[in-house]
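# Examination of the molecular architecture
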Amino acid sequence: MTALDTHSDVTASLRFPEGFRWGTATAAYQIEGAAAEDGRGPSIWDTFSRTPGKVRNGDTGDIAADHYHRVDEDVALMRRLGVTDYRFSVSWPRVQPTGRGPAVRTGLDFYRRLVDALLEAGIRPVATLYHWDLPQELEAAGGWPHRETAYRFAEYAHIMADALGDRVATWTTLNEPWCSAFLGYGNGVHAPGRTSDVAALRAAHHLNLAHGLAARTLRGALPGSAEVSLTLNLHAVRARSQDPGDLDAARRIDAVGNRIFLDPVFHGRLPEDLVHDTAAVTDWSFVRDGDLATAAAPIDSLGINYYSPAVVAAGTSESPSPWAGAERYVRFEPAPGPRTAMDWPVDADGLYELLVRLRDELPGVPLVITENGAAYDDYADPSGNVKDPERVAYLHAHLAAVHRALADGADVRGYFLWSLLDNFEWAYGYSKRFGIVHVDFATQRRTPKDSARWYAEVIARGGLGEA
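It should be emphasised that the depicted structure is a prediction, and the values quoted were computed from it without experimental measurement.

## Details of helix α5 (residues 105-120)
Over its 16 residues, α5 extends 22 Å from the first C-alpha to the last, a length consistent with the 22 Å expected when each residue adds 1.5 Å. Against the buried residues of α5 lie α1 (28-31), α3 (71-81), β3 (85-89), α4 (92-95), β4 (124-130) and α7 (148-164). Looking at the residues trailing α5, positive phi occurs at G122, about 80°.

Below, the structure written as C-alpha cells:
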C-alpha cells in the first residue's frame, strides 16, 4: 500500500507482465517555469505565448508549475505514487540558449539534480530531448523547415549524452514531431504559429532527419545498454463508412498523419501516396540523397501517445488546415460517446487498434505508451479533496485496452500517464487540467487527486481491477 492512502478496493483481475514500466510524464515548458533564470534563452513558445491572441487568457509558461524550484517536492510525490519511471523533457534553450555553442552549466546542473533525485528515489529517468521548445534564435534562422536545424539538434543531443549518459538509460529524440510540423507550421495553432503547407512538410522531413542524426549521435556517445527511442502521436483513423470517398479520406490522413513518420523511420522511404497527394504543394526536392537512410537509424522502442480516435469522411476541411495535401478531400466527423474537457471523444478501442496495427506492421519493435490521459474540469473542494471519477474511468478503460493488446501479442513494455501535474496546456494556457496532481497556480500547492491514489494502487498491485 502506498503513502497516498487507498481510494478503492482494486483487485488485480488484469495482471500486467513482470517488469512492466509504470510511469508519469511531463514536458519542460509546461511545468518548469523559471523562463528567464540561470541563463535560459527564449524558445518559440516564449515568443508565441507573448503574442496577443495566441494563448488563452494571455497565459505563458513563465512560472507554470514552478517545477524548476520544486524538484524535490515533485520527486517525492512520484515516490509516494510508486512509479517506476519518470518521463521528462529537457528544455533545449535552458541548455543551449541560442541552439548553438557550448552548454550553460547551470542548465545542465538542473537536469543533473533532477536525475540524481530520481535515482535516489528509485525512479528510472526517461529523457526526451525535444518537446516543442525550439530555441527562438534557430526559428529566426528558419526553424524546422530549414535543414540546418536538424544538425544543430544532433549537436545538442551529444551535449546531453555527455552530461547525463552515465545516469539516464532511456533517451527519446523527439516527442510528437507531427505536432511540431503540422500544428506549428501548418495551421499555426502552436508555436511558432506559421501557416504554410510546404513549410509543414519540410519541417516533417527535417524532424525525421534530426531524429536519425540524433539517434546515431546518441549511439556513439552512450553506453551500449542505453535505449534510444522516438515518440509519435499516431492517429487512430476511422472512415465514416465503406464509401470509396470516405475510405480514401482515411488513407490520406493516415499518410500525412502516421506514415509520414513511420515509413522513413522504419523503412527508409517516403510513402508513395503521400508524395502523390502533396504534389501540388511540393516536389519534395528538399529530400537529399541519404536523408531517408539517416532517418532510419535503428531504435530500441517506439513511444506512442494516444488520447482519442478520429473519424473522417470525404469533404473539405477548414483552412488553414494541418493536413497538408488533404484539406480539399477530407472532413472530420464527430465521434460518438462521452467527451473530455478538451472536447476529445473517449474511446479506448482506438488505442487497442493502434497497438495491434503496430504489432503486425513493426514486428520486433517494442512499444511503450508514452502519453495517455485526459483533461477534466476538476477542482479542490472545500475540504481540499479533488475528486475526478471521469479521469479514473478513462484511465481504467485505456489500461484495459493495453492489457487486451498485450494478450493479443502486442509487445508493450510500459505505460506513462499524462500527466503528473496540472500544467501549461499550450494554446489553452492554464484552462485545461490533465494532471493526477492538482496544482493551485496561485500558491503552487500540490494536491493528489483521487486518480493519483487509484494509479498508485494499480502500480502497487501490478494489475487492474473493477472501474
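## A closer look at the packing of aromatic side chains
The final tally for this structure, using the stated rule, is 33 aromatic pairs. Between W178 and W323, the ring centres sit 4.8 Å apart and the planes meet at 40°, which makes this aromatic pair tilted. Taken together, the residues W178 in helix α8 (residues 177-183) and W323 in the loop between β9 (310-314) and β10 (330-333) connect sequence positions 145 residues apart. Of the residues examined, W178 reaches a relative accessible area of 6% and is grouped as buried. Here W323 falls in the buried class, since its relative accessible area comes to 9%.

## Regarding the confidence of the model for the chain
In this model, the chain carries an average pLDDT of 96, and 97% of its residues clear a pLDDT of 70 or more. Per-element mean pLDDT across the chain ranges from 92 in strand β15 (residues 463-464) up to 99 in α1. Below pLDDT 50 for its whole length, residues 5-12 participates in 22 contacts with residues either more than four positions away or in separate chains.

## Structural notes on the pattern of salt bridges
With the rule as written, the count across this model stands at 47 salt bridges. With its nearest N and O atoms 3.7 Å apart, the salt bridge here joins R100 to E137. Here R100, found in the loop between α4 and α5, pairs with E137, found in helix α6 (residues 136-140); they are 37 residues apart in sequence, far enough to count as distant. Judged by relative accessible area, which is 42%, E137 ranks as partly exposed. The partner of D248 in a salt bridge is R252, and the shortest N-O contact between them spans 2.9 Å. Of the two residues, D248 and R252 are both situated in helix α10 (residues 244-267); the distance of four residues between them amounts to about one turn of the helix. Overall, the relative accessible area of 11% leaves R252 in the buried class. The network of salt bridges with shared partners includes D248, R251, R252, D254, R259, D273, D277, R357 and E361.

## A few points about the nonpolar core
With 154 residues, the main nonpolar core has W45, W144, F153, F182, L355 and V402 as its most contacted residues. Every residue in contact with L355, bar those within four places of it in the chain, is listed here: I304, L367, I369, V402, A405, A410 and V412.

## Comments concerning the side chain of S317
With respect to the helices, strands and loops of the structure, S317 is situated in the loop between β9 and β10. Classification of S317 by relative accessible area gives buried; the value is 16%. A distance of 2.5 Å separates the side chain of S317 from the backbone oxygen of V330, its partner in a polar contact. Excluding its chain neighbours within four sequence positions, the residues that come into contact with S317 are E327, V330, R331 and F332.

## As for the sheet that holds β10
Across the sheet, three strands lie side by side as β7-β9-β10; this open sheet has mixed pairing. For this open sheet the edge positions go to β7 (237-239) and β10, each flanked by a neighbour on one side alone. Across the sheet, the axes of successive neighbouring strands diverge by a mean angle of 40°, strand direction being ignored. Running at roughly 125° to β9, α10 makes contact with β7, β9 and β10 of the sheet.

## Section: α3
By the burial criterion, the buried members of α3 are V71, D74, V75, L77, M78 and L81. The buried residues of α3 occupy an angular sector of 150° when the element is viewed end-on, so they sit on one face. Residues of α3 that are exposed and angled more than 90 degrees away from the buried face: D72 and R79. In the core, the buried residues of α3 are packed alongside β2 (21-25), β3, α5, β13 (437-440), β14 (445-448) and α15 (450-461). The positive-phi residue at the C-terminal boundary of α3 is G82, with phi of around 90°.

Cut-off values and rules
- Residues numbered from 1 in each chain as written.
- Predicted model: local features only at pLDDT ≥ 70, side-chain atom pairs only at ≥ 80, totals over all residues.
- Heavy atoms only, no water.
- Helix = DSSP H or I, 4+ residues; strand = E, 2+ residues; numbered from the N terminus.
- Expected span 1.5 Å × (residues − 1).
- Contact = heavy atoms within 4.5 Å.
- Phe/Tyr/Trp six-rings, centres within 6.5 Å; stacked < 30°, edge-to-face > 60°.
- Buried < 20%, exposed > 50% of the residue type's maximum accessible area, 1.4 Å probe, protein only.
- pLDDT = per-residue confidence, 0-100.
- Salt bridge = Lys/Arg side-chain N within 4 Å of Asp/Glu carboxyl O.
- Core = buried A, V, L, I, M, F, W, Y, C linked by side-chain atoms within 4.5 Å.
- Polar contact = N/O pair within 3.5 Å; in protein donor to acceptor, adjacent residues only side chain to side chain.
- Pairing = 2+ DSSP bridges.
- Axes fitted to C-alpha atoms, helices over the stretch in contact; angles between N-to-C directions.
- Arc of directions from axis to C-beta.

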